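# Coordinate inspection notes
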Amino acid sequence: MAFTTLFGARIRRREDPRLITGRATYVDDVKTIGTLHAAFVRSPYGHAKIRSIDLSEAKSHPGVFGAFAGDDLARAGVKDLPCAHKMTELLVPPHPPLAIGEARYVGEPVAVVVANDPYAARDAAELVHVAYDELPAVVDPLKALDGKPFVHEAFGTNVAYRLPIASGDVESAFKSADVVIKQRFVNQRLAPVPVEPRGVLAQWNPGDEALTITTSTQIPHLLRTQLAVVLGLPENHIRVIAPEVGGGFGSKLNVYSEEVACGWIAMKLGRPVKFIETRSECFQSMIHGRDQIDDVEVAVKNDGTILGMRLRVVANLGAYFQLLTPVIPTLTLLMAPGCYRISNVATECIGVFTNTMATDAYRGAGRPEATYLIERTLDLIARKLELDPVDVRRKNFIAADAFPYTTAMGLTYDSGRYEATMDYALRAADYAGLRRMQAAARKEGRFLGIGISTYVEVCGMGPSAAMPAAGWDSATVRVEPTGAVTVLTGISPHGQGEETTFAQIVADELGVPLEQITVVHGDTDKVQYGVGTFGSRGTAVGGAALKMALDVIKQKAIAIAAHQWEASPNDVEYRDGKIAIKGDPSKTMTTAEAGFLAFMGDRLPPGMEPGLDATRRFEPPNFVYPFGTHICVVEVDPQTGQTKILRYLAVDDCGRIINPTIVGGQIHGGIAQGVAQALFEEVVYDENGQLLTGTLADYAVPRAEHLPSFELDHTVTPTEVNPLGVKGVGEAGTIASTPAVVNAVLDALQPLGVTHLDMPLKPEKVWSAINNAGGPS
Amino acid sequence: MQTNLSAKPALIPIDVEVNGKRESLSVEPRLLLVHLLRERLGLTGTHVGCDTSSCGACTVLLDGRSVKSCTVLAVQADGCSVTTIEGIGEASALHPMQEAFWAEHGLQCGYCTTGMIMSAIDVIRRNPDPSDNEIRAGIGGNICRCTGYHNIVRAVKAAAKALRERVPEGARKGNGVPAAPEPVGASGGE
């Protein structure tokens, strides 16, 4: 039978049978005997002094086995929650797992109760009496910049850091400009909302003095390391299991109070402790994303050429640092020039504390903000100079022959063909036809808009030197004696489908049927140390490590076969999935046969170590930079202010594609989350720090009716950064889509002279803009 | 209403048919159907995603109609039949809706999927040949954060077509749940 390669094939996901039949195991599906259930008592105030915590009534409630406050953990030596960063000048606030002395955001855990039944635990949590003295709160990051009240009084400021990055001669650029355009962009706070909220099950084995934490996480090994530090246990006495994880989007790339508290209580009481959060708790106490105020100023020539850019990012960090809180907004600076030649830049990122939940990595994590501000700016330039937005982009693109291209921000983009991909998208969308349709619609008084976003993003995170912690990842490949192939990957997929795509890679390289391949992940006792799944790194980093391990396996298998055939390994190769002698079709050996010989050990070349397995780690020499063009067509109803997406077309370039179906799914979901920011979603706190969007009834996650079908296409520009030639794709859709939608809505309102509106573009906001509009700009 | 938190609430006996099997249990009056299924009967394929009946992850069929089992008390299911994801098919004999979600890549993390499939089955029961817009309206009670719904709509459409073509009306059995077709291969590949 002919050998069919699977790289590029639309094979069905191997994960799915268990998921579609309800046989998958998420954290709450793990049932242990004698489990205690945790319920957390959380601050109802944005900012308050904690005068006292009375646990006595809760402790005496039937079924309750314990109730604890922050002091109990501190006395036992439990340390603060970690933050990973390499910033030199940064104020890092103390962050105990349970608040001590002061509560600084609504939902901050203050105490925890464990009972033999989750209903009893929640009843008893109501019986914990906390005496608070409410303190003045600050929620608006611009007010926080100005001074009091301070979130952390000891700092005497709310500014956690100021990070300037500048390059070129900005002053001269602005002096020689024909036009200067200034705009403030508010990038509103979002909630990640994985459909599975957080959950953790902690089990203490007193015989081995070992703690097993089963938790809904994207980073089992990093979490293990941090728990070892925080709980003071040897790291090899902790096992972290990421079972089936019901969505992450960055929100589960963290170390949470609840994970620490459950671990500590399980050790203290010797009973399994489980915590499954409610959706309301998830809105309060899971990290949020975005929340920046971005002041942009660009110097432009009359032909649309951008000469220089000034940018001030004010990033609302929240009250405390979670794992990557201060780092995320710095990515906005780095990617602010987008896919354009802007050599003169003066930028600053100011991170400020407020009485809100911490912001951190949410799908795109700092890059959607960058793409939004630059893609909106390009449209403002076009509007001001009465140019087509397409032409302004064309004027400023980094040329295809300029790669690798080092930007003013110091990043080196690996590969790109921005103009070719944009032209491909324009043809696919029939851009000229769309503009004619728009002109006709405008004559009828209809508000049709066309929005374009030409994005580049940074992912495949990343070179260790440029990461807050390790950026490499790992893979082990084992050819078992029966010929089954086991892959242990250091990444921790939770919907991205690497059990399938990695198996495709193995099948191609080793000629092993898919059914013989198992991809294992998410268990620190099974898998060698790995960094995890985030930053669109799974395939670009973890997949690259897999390719390296497979190369080792193949070389050894070739040496084993050559020895049997008394041939030189140089004359033996992998051909059509089998080991074969070059130019001789008669002699072949399968990987399974070589694996069996390696197991038997008695017919190996002299001095060769038995066994056929390999572990390799890939240290990325650079990030990868996917790019593309998204085109959105909307119609705004002037009677209601409602935006309807008529068409959404995306042409993405993520390098070589292993499984187009899975890549398409990633783009779909990414676009949906970007559209959601543009039109619907917004975390709102009132001025006292009270969370007003605390349920799915208040926070507008789009439903099927709110979204269009998507038209997808791809160009393929490989990268040389990794041996697979792949770039990441998990976040690209989210990064690209938000400005495409907003540009479309503003383009629809162009006849009214409305140049900018801040997100989300809810009907009321758009309706008001229409009714207050002065006239054409 | 239970106001004395320390008092042991009286248990209520109920009879429920779950996935074709009769279950007789005693439950607290406040016990939710979803907790009955997950904690008492071990049917963990039904998930909980919120506390405001907003997300639909917990959708099951109650006497053949989709309900959010976080908003039904176990005592309300007394005398009723309940069908969960575990009751409609397994890997070796998938329900056409499960098959279609797999074929069309209608899921990623899988958490909303089981509830989404149960909702979609009810959508098709009510309207065997739905348009894209009717499908989108029909699954409006279920949130998916991964797929952008694009492939879910395709899956429901494909399942509706498969059911119209493969299963004659008379062959449908209990609870309005269409009978599973002949087993399909579970090894992947198209």
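On a predicted model such as this, the values are computed, not experimentally measured, just so you know. (Residues numbered from 1 in each chain as written. Chains lettered and ligands numbered in written order. Predicted model: local features only at pLDDT ≥ 70, side-chain atom pairs only at ≥ 80, totals over all residues.)

## Observations concerning the overall build of chain A
Of the regular secondary structure elements, chain A holds 20 helices and 28 strands. Over its C-alpha trace chain A gives a radius of gyration of 28 Å, about what one expects of a compact globule, namely 28 Å for 777 residues. Expressed along its principal axes, the backbone C-alpha trace of chain A runs to roughly 85 × 75 × 50 Å. Taking all contacts inside chain A whose residues are at least 6 apart in sequence as the whole, residues at least 24 apart take part in 80%. (Helix = DSSP H or I, 4+ residues; strand = E, 2+ residues; numbered from the N terminus. Rg over C-alpha atoms; globule rule 2.2 N^0.38 Å. Contact = placed C-beta atoms within 7 Å.)

## Thoughts on the sheet that holds strand β22 (residues 572–575) of chain A
Residue and element names in this part refer to chain A. Taken in spatial order, the 3 strands make up an open sheet running β22-β23-β24, and their pairing is antiparallel. Two strands lie at the open edges of the sheet, namely β22 and β24 (584–589), each paired on one side alone. Within this sheet the neighbouring strands show an average axis-to-axis angle of 40°, counted without direction. The pairing of β22 with strand β23 (residues 578–581) spans 4 bridges and is classified as antiparallel. Within the sheet, the bridge partner assigned to arginine 575 lies in β23 and is lysine 578. Of the strands in this sheet, β22, β23 and β24 are in contact with helix α16 (residues 538–564), which crosses β22 at around 120°. (Pairing = 2+ DSSP bridges. Axes fitted to C-alpha atoms, helices over the stretch in contact; angles between N-to-C directions.)

## As for the packing of helix α3 (residues 113–126) of chain B against helix α5 (residues 150–166) of chain B
All names here are of chain B. Where α3 meets α5, the closest approach of the two axes is 10 Å, and the angle between their N-to-C directions is 50°. Judged by the inter-axis angle, α3 sits oblique to α5. Between α3 and α5 the crossing geometry is right-handed. Residues Met116, Ala120, Val123 and Ile124 of α3 lie in contact with α5, whose contacting residues are Ile152, Val156, Ala159, Ala160 and Leu163. (Parallel < 35°, antiparallel > 145°, perpendicular 65-115°, else oblique. Left-handed = near helix turned anticlockwise from the far one by under 90°.)

## Considering the domain arrangement of chain A
Residue and element names in this part refer to chain A. Annotation of chain A at the domain level lists domain 1 (32–135 + 196–246 + 252–285), domain 2 (367–458 + 624–772) and domain 3 (472–618). On a C-alpha basis, the centres of domain 1 and domain 3 stand 41 Å from each other. Domain 1 puts 13 residues into the contact, and the matching count from domain 3 is 13 residues. When residues of the side of domain 1 that touches domain 3 are traced back to their parent elements, those giving at least two are α7 (220–231) and β11 (238–241). Counting residues per element, the side of domain 1 that touches domain 3 draws most heavily on α7, at 4 residues. (Domains from an automatic or database assignment.)

## Overview of the environment of Val200(A)
Structurally, Val200(A) is set in strand β9 (residues 199–205). A residue is classified by how many C-beta atoms lie within 10 Å of it, and Val200(A), with 25 of them, is buried. (Buried ≥ 20, exposed ≤ 12 C-beta atoms within 10 Å, placed from the backbone.)

## Side note on the domain arrangement of chain B
All names here are of chain B. Once the domains are mapped, chain B shows domain 1 (12–86) and domain 2 (96–171). Using only C-alpha atoms to locate each centre, domain 1 and domain 2 end up separated by 21 Å. Opposite the 15 residues of domain 1 that make contact, domain 2 presents 11 residues. Counting residues per element, the ones that place at least two in the side of domain 1 that touches domain 2 are β3 (59–62) and β4 (65–68). Partitioned by chemical class, the residues of the side of domain 1 that touches domain 2 number 6 nonpolar, 8 polar and 1 charged. (Nonpolar A, V, L, I, M, F, W, Y, C, P; charged D, E, K, R; others polar.)

## Some words on the confidence of the model for chain B
Do not read the fine detail of predicted coordinates wherever pLDDT is low. Residues and elements named next belong to chain B. Model confidence for chain B is summarised by a mean pLDDT of 88, while 83% of its residues fall at 70 or above. Counting contacts from residues 172–176, a segment whose pLDDT is below 50, to residues more than four positions away or on other chains yields 11 contacts. Scored below 50 in pLDDT, residues 178–190 makes 32 contacts in the model with residues more than four places away or belonging to other chains. Scored as a complex, the prediction yields pTM 0.95 and ipTM 0.97. (pLDDT = per-residue confidence, 0-100.)

## Considerations on the nonpolar core
Residue and element names in this part refer to chain A. Membership of the largest hydrophobic core comes to 309 residues, with the highest contact counts inside it found for Ala111, Val113, Val128, Val506 and Val745. It is α16 that contributes the most residues to this core, 12 residues altogether. Excluding its chain neighbours within four sequence positions, the residues that come into contact with valine 745 are Gly449, Val634, Val636, Thr643, Leu761 and Val766. (Core = buried A, V, L, I, M, F, W, Y, C linked by C-beta atoms within 7 Å.)

## Digging into the interface of chain B and chain A
Opposite the 52 residues of chain B that make contact, chain A presents 50 residues. Those elements that place two or more of their residues in the side of chain B that touches chain A are α2 (96–103), α3, α4 (132–138) and α5 of chain B. Looking at the side of chain B that touches chain A residue by residue, the classes come out as 23 nonpolar, 23 polar and 6 charged.

## Re the sheet that holds β11(A)
Residues and elements named next belong to chain A. An order of β3-β5-β1-β12-β9-β10-β11 is seen for the 7 strands of this open sheet, with the pairing classed as mixed. Bordering the open sheet on either side are β3 (64–69) and β11, each of which pairs with just one other strand. For this sheet, the mean angle separating the axes of adjacent strands, direction not counted, is 20°. Packing of helix α4 (residues 118–125) onto the sheet brings it into contact with β1 (36–42), β3 and β5 (109–115), and relative to β1 it is tilted by some 25°. Relative to the sheet, helix α8 (residues 257–269) contacts β1, β3, β5, β9, β10 (210–215) and β12 (273–276), its axis offset from that of β9 by approximately 25°.

## Here we look at unusual backbone geometry
Residue Pro404(A) is bonded to the preceding Phe403(A) through a cis peptide linkage, with omega at -5°. Note on placement: Pro404(A) falls in the loop between α12 (389–396) and β16 (405–406). A cis amide bond links Met759(A) with the next residue in sequence, Pro760(A), at an omega value of -5°. As for its placement among the helices and strands, Pro760(A) is situated in the loop between α19 (732–748) and α20 (763–772). Positive phi is not limited to glycine here, since Glu209(A) has a value of about 50°. With respect to the helices, strands and loops of the structure, Glu209(A) is situated in the loop between β9 and β10. A count of 11 C-beta atoms within 10 Å places Glu209(A) in the exposed class. In this model, Tyr149(B) sits at a positive phi of 70°, which is unusual for a non-glycine residue. Residue position: Tyr149(B) is located in the loop between α4 and α5.

## Quick look at the environment of Lys727(A)
Residues and elements named next belong to chain A. Residue position: lysine 727 is located in the loop between β28 (711–714) and α19. Overall, lysine 727 belongs to the buried group, with 31 C-beta atoms counted inside 10 Å. Not counting residues within four places of it along the chain, the set of residues in contact with lysine 727 comprises Cys459, Gly460, Ala540, Val624, Tyr625, Pro626, Cys654, Gly655 and Thr719.

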